[in-house]
Amino acid sequence: MKKFFSVADVADLHGVVQEALSLKSSPHAFEHLGKNKTLGLVFLNPSLRTRLSTQKAAMNLGMNVMVMNMDKDGWALETQDGVVMDGTTVEHIREAAAVMGEYCDILGLRSFPGLKDREADYTEDLFNKFISYCGVPVVSLESATRHPLQSLTDLITITEHKAVEKPKVVLAWAPHVKALPQAVPNSFSEWMCKAQEQGLVEFTIAHPMGYELCEDFTKGAKITNDLEEGLSGADFVYVKNWSSYVDYGQVYPVAQSWMMDNRKLQMTNNAKVMHCLPVRRDLELSSEILDGPNSLVIKEAGNRVWAAQVVLKRMLENL
Ligand code: CP
């Protein structure tokens with residue numbers, strides 16, 4: 001594996017999940033693979049889980065890890081070609097990425113969207129340039145449009161906790177006070193659509209009118225604007241807020257209550273409830289669910305290690 005950016009970078013969903021679960025039972029079985037190899041993690045935005053779980057995964061594989069908080073500690077990056085750099089930007093991504101590639105065998109990058117210019121965000125210009133110029137394998141730590149380590153984690157977690165062969169999985173929009181990117185729901189949807197194609201799940205998306213995701217990510221999903229209809233018979237409910245894709249980055253008022261709580265849980269097949277975290281309690285998801293027996297959020301966050309570890313292992317095997 002040379003790049004981990006989307007579900008398209010994994011041919012065998014079942015195989016990668018089984019390999020991750022095998023690493024979970026023997027975390028140090030491949031610690032020789034990363035000896036004298038260096039992972040660089042580059043963050044342009046904050047992180048708790050992605051940062052720590054990817055470091056832990058790399059350490060389990062015997063790698064050295066360096067973390068760069070580019071937004072706080074790095075030079076201001078210029079990402080456009082053909083500009084005279086006489087303004088606030090100090091270093092061009094061509095040099096910055098290439099230099100980091102000199103120091104590291106594998107790089108990870110987190111870069112959120114601006115949520116102002118849809119075309120700019122959805123072309124993934126910064127990410128693609130970073131991949132082109134750094135010259136080493138790159139793992140996405142969340143880009144403008146996708147969060148593949150989170151989605152792989154989610155598939156691992158569903159596989160571990162499913163009680164039926166082909167569970168009904170529902171991605172349910174939830175309220176928030178801020179405009180959030182579509183990266184997590186886009187990514188979850190494209191992974192679940194592929195899992196559905198492979199007979200692993202049955203996938204539904206429930207959201208209010210106006211919150212349609214880009215169709216590139218939802219092919220094959222059943223989509224409803226009726227939360228109760230979506231929740232009916234659900235085995236897993238994946239709660240997440242996102243801002244509008246159509247009216248890009250906007251947040252519409254929603255009259256009906258979309259926060260997942262114990263009353264709505266009764267409409268499901270005693271569903272397990274998931275969220276990528278961080279979560280705003282009693283706004284996105286009720287405390288009674290988060291603190292109750294149906295919540296998988298902590299186990300899900302724990303599985304971030306095994307998703308990162310299987311990806312890094314596959315990259316190390318191909319260096
Ligand atoms: N879920 C997730 O990516 O968490 P962080 O933003 O804390 O890394």
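These notes cover the structure that comes with them. Since the model is a prediction, treat every value here as computed from it, not as a measurement.

Some thoughts on the overall build of the protein chain
The helix and strand tally for the protein chain stands at 13 helices and twelve strands. The C-alpha atoms of the protein chain give 20 Å as radius of gyration, which agrees with the globular expectation for 319 residues (20 Å, within 12%). Principal-axis analysis of the C-alpha atoms places the extent of the protein chain at approximately 55 × 50 × 35 Å. Expressed as a percentage of the 319 residues in the protein chain, the buried residues total 45%. At a minimum sequence separation of 6, the contacts of the protein chain that also span at least 24 residues come to 78%.

With respect to the pairing of strand 9 (residues 202-206)
With respect to burial, strand 9 is a largely interior element, four of its five residues being buried. When strand 8 (residues 168-173) meets strand 9, the two strands line up parallel, connected through five bridges. The residue of strand 9 that forms the bridge with valine 169 is phenylalanine 203. In this view, the connection linking strand 8 to its parallel neighbour strand 9 by way of helix 8 (residues 183-197) has right-handed handedness. Bridge count between strand 9 and strand 10 (residues 222-224): three bridges; the pairing is parallel. Bridge pairing links threonine 204 to lysine 222 in strand 10.

Describing the site of the ligand
Around the ligand lies a shell formed by Ser47, Leu48, Arg49, Thr50, Glu142, Gln150, Cys276 and Leu277. Residues that form the shell around the ligand fall into these classes: three nonpolar, three polar and two charged. Two domains each donate at least three residues to the shell around the ligand, and these are domain 1 (3-146 + 304-317) and domain 2 (148-301).

Comments concerning the packing of helix 4 (residues 93-103) against helix 6 (residues 125-134)
The interhelical angle for the contact between helix 4 and helix 6, taken along N-to-C directions, is 50°, at an axis separation of 8 Å. Relative to helix 6, the element helix 4 lies oblique. When you trace helix 4 past helix 6, the crossing you get is right-handed. Along the contact surface, helix 4 presents Ile93, Arg94, Ala97, Ala98, Met100 and Gly101, while helix 6 presents Leu126, Lys129, Phe130, Tyr133 and Cys134. Classifying every residue of the contact of helix 4 with helix 6 by side-chain character gives eight nonpolar, one polar and two charged.

Comments concerning the sheet that holds strand 6 (residues 106-110)
Strand order in the open sheet formed by five strands is 1-7-6-2-3, with parallel pairing between adjacent strands. The open sheet has two edge strands, strand 1 (3-4) and strand 3 (64-69), and neither has a second partner. Pairing analysis gives five bridges linking strand 2 (residues 38-43) to strand 6, with the strands arranged parallel. In the strand pairing of strand 6, valine 42 is matched with leucine 109. Here helix 2 (residues 49-60) sits on the sheet in contact with strand 2, strand 3 and strand 6, set at roughly 175° to strand 2.

Some remarks on the packing of helix 7 (residues 148-161) against helix 8
Interhelical geometry of helix 7 versus helix 8 gives an angle of 45° and a closest axis separation of 9 Å. As the angle between them shows, helix 7 and helix 8 are arranged oblique. Along this stretch, helix 7 crosses helix 8, giving a crossing that reads as right-handed. Residue-level contacts link Pro148, Gln150, Ser151, Asp154 and Leu155 of helix 7 to Val184, Ser187, Phe188, Trp191 and Ala195 of helix 8. Across the contact of helix 7 with helix 8, the residue classes tally to six nonpolar, three polar and one charged.

What about the nonpolar core?
By size, the foremost hydrophobic cluster in this structure holds 85 residues, and its most contacted members are Val170, Ala172, Val237, Tyr238 and Leu312. Top element by residues in this core is helix 13 (residues 304-317). It accounts for nine residues. Residue assignment places this core across two domains, with domain 1 (3-146 + 304-317) and domain 2 (148-301) each supplying three or more. Contact partners of tyrosine 238, with chain neighbours within four places excluded, come to Asp154, Val169, Val170, Leu171, Ala172, Phe188 and Met274.

Considerations on unusual backbone geometry
Note that the residue after leucine 277, namely proline 278, is joined by a cis bond; omega there is 5°. Mapped onto the elements of the fold, proline 278 is located in the loop between strand 12 (272-274) and helix 11 (287-290). Positive phi values are uncommon outside glycine, yet asparagine 36 reaches one of about 65°. Examined against the element boundaries, asparagine 36 turns out to sit in the loop between helix 1 (13-25) and strand 2. Backbone geometry at glutamate 142 places phi at a positive 120°, although glycine is not the residue there. Structurally, the position occupied by glutamate 142 is in the loop between strand 7 (138-140) and helix 7.

Re the sheet that holds strand 9
In space, the five strands of this open sheet follow the order 10-9-8-11-12, with parallel pairing throughout. Only two strands of the sheet have a single partner each, and these edge strands are strand 10 and strand 12. Across the sheet, the mean angle separating the axes of adjacent strands is 20° when strand polarity is ignored. Contacting strand 8, strand 11 (236-240) and strand 12, helix 7 runs over the sheet at an angle of about 170° to strand 12.

About the thresholds
- Residues numbered from 1 in each chain as written.
- Predicted model: local features only at pLDDT ≥ 70, side-chain atom pairs only at ≥ 80, totals over all residues.
- Helix = DSSP H or I, 4+ residues; strand = E, 2+ residues; numbered from the N terminus.
- Rg over C-alpha atoms; globule rule 2.2 N^0.38 Å.
- Buried ≥ 20, exposed ≤ 12 C-beta atoms within 10 Å, placed from the backbone.
- Contact = placed C-beta atoms within 7 Å.
- Pairing = 2+ DSSP bridges.
- Right-handed = clockwise from strand over helix to strand, strands pointing away.
- Near = placed C-beta within 6 Å.
- Nonpolar A, V, L, I, M, F, W, Y, C, P; charged D, E, K, R; others polar.
- Domains from an automatic or database assignment.
- Axes fitted to C-alpha atoms, helices over the stretch in contact; angles between N-to-C directions.
- Parallel < 35°, antiparallel > 145°, perpendicular 65-115°, else oblique.
- Left-handed = near helix turned anticlockwise from the far one by under 90°.
- Core = buried A, V, L, I, M, F, W, Y, C linked by C-beta atoms within 7 Å.

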